[in-house]
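# Structural description and commentary
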Amino acid sequence: MSSMVAFPAGPGADERWLRAVYDAQWASLVRLAGLLLGDTERADEIAQDAIVATFQRRSRLGDGVPTAYLRQCVVKACRSVQRHRSVQRRSLVPLFQGR
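Described in the following lines is the structure provided in the data block. (Residues numbered from 1 in each chain as written. Predicted model: local features only at pLDDT ≥ 70, side-chain atom pairs only at ≥ 80, totals over all residues. Heavy atoms only, no water.)

Summing up its helical and strand segments, the protein chain has four helices and two strands in all. When the elements of the protein chain are put in sequence order from the N terminus, they spell out β-α-α-α-β-α. Per-residue burial for the protein chain yields a buried fraction of 30% across its 99 residues. Considering only residue pairs separated by 6 or more positions, the protein chain has 63% of its internal contacts joining residues 24 or more positions apart. By element, 54% of the accessible surface of the protein chain is carried by carbon and sulfur atoms, the whole surface being about 6,700 Å². (Helix = DSSP H or I, 4+ residues; strand = E, 2+ residues; numbered from the N terminus. Buried < 20%, exposed > 50% of the residue type's maximum accessible area, 1.4 Å probe, protein only. Contact = heavy atoms within 4.5 Å. Areas by Shrake-Rupley, 256 points an atom, 1.4 Å probe, with all protein chains shown as cover.)

So, in C-alpha cells, the structure goes:
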C-alpha cells in the first residue's frame, strides 16, 4: 500500500482530493478506529473527522496526503474517546455507591 495519495490540481481539485483520500483510506481508517474502540458507529465518525482535519491542513502537508498523518489523527481521536469514557465511568461510580 502506498503511503501517499496523489494530490490533484486545477479546477475541482478539492472534490477530487477528497474523493481520492476517501477511496484510498476510508476502509483502513474505519477498521483502525473500530479495533481501537470496539464501536463501529463512532469509528465512522472518527475516520470522517480525520479526513476533514487532513483536508484542512493539506496545504501544510505538501503535495500528497500522508497516510501516517491520517492514522495519527484516528489514533489521537480514539485516545480522546477512551479518556472521555474513562472519566464518565469514574464519575458515575460514586453516584451508584451512594444508594
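Moving on from the coordinates now.
Enumeration over the complete set of coordinates arrives at four salt bridges. The shortest N-O distance in the salt bridge between Asp23 and Arg19 comes to 3.2 Å. Of this pair, Asp23 and Arg19 both sit in helix 1 (residues 13-37), four residues apart, roughly one helical turn. Residue classification places Asp23 among the exposed positions, given a relative accessible area of 54%. (Salt bridge = Lys/Arg side-chain N within 4 Å of Asp/Glu carboxyl O.)

To continue, consider the packing of aromatic side chains. Scanning the model with the defined rule gives two aromatic pairs in all. The lysine or arginine in question, Arg58, covers the ring of Phe55, its NZ or CZ lying 3.9 Å from the ring centre. (Phe/Tyr/Trp six-rings, centres within 6.5 Å; stacked < 30°, edge-to-face > 60°. Lys NZ or Arg CZ within 6 Å of the ring centre and 35° of its normal.)

Moving on, we come to the nonpolar core. Core analysis: the largest hydrophobic core is formed by 18 residues, its most contacted members being Leu29, Ala33, Ile46, Val74 and Cys78. Contributing elements (two or more residues each) for this core: helix 1, helix 2 (40-56) and helix 4 (67-97). Element by element, the count of residues in this core is highest for helix 2, at seven residues. Residue contacts for Ala33: discarding those within four places in its chain leaves Gly38, Ala43, Ile46, Val74 and Cys78. (Core = buried A, V, L, I, M, F, W, Y, C linked by side-chain atoms within 4.5 Å.)

Another point: helix 1. The largest bend in helix 1 amounts to roughly 55° and is located at Gln25. Restricting attention to buried positions, one finds in helix 1 the residues Ala13, Trp17, Val21, Gln25, Ser28, Leu29, Val30, Ala33, Gly34 and Leu37. Of the residues one or two after helix 1, Gly38 is the one with positive phi, at around 70°. (Bend = angle between axes of the 7 residues up to and from the residue.)

An α-helix turns once every 3.6 residues. As a result, residues three or four positions apart point the same way. Compared with the 24 Å implied by 1.5 Å per residue over 17 residues, the 24 Å span of helix 2 between its first and last C-alpha is a close match. Of the residues that open helix 2, the one with a side-chain oxygen 3.2 Å from the backbone nitrogen of Glu41 is Asp39. (Expected span 1.5 Å × (residues − 1). Polar contact = N/O pair within 3.5 Å; in protein donor to acceptor, adjacent residues only side chain to side chain.)

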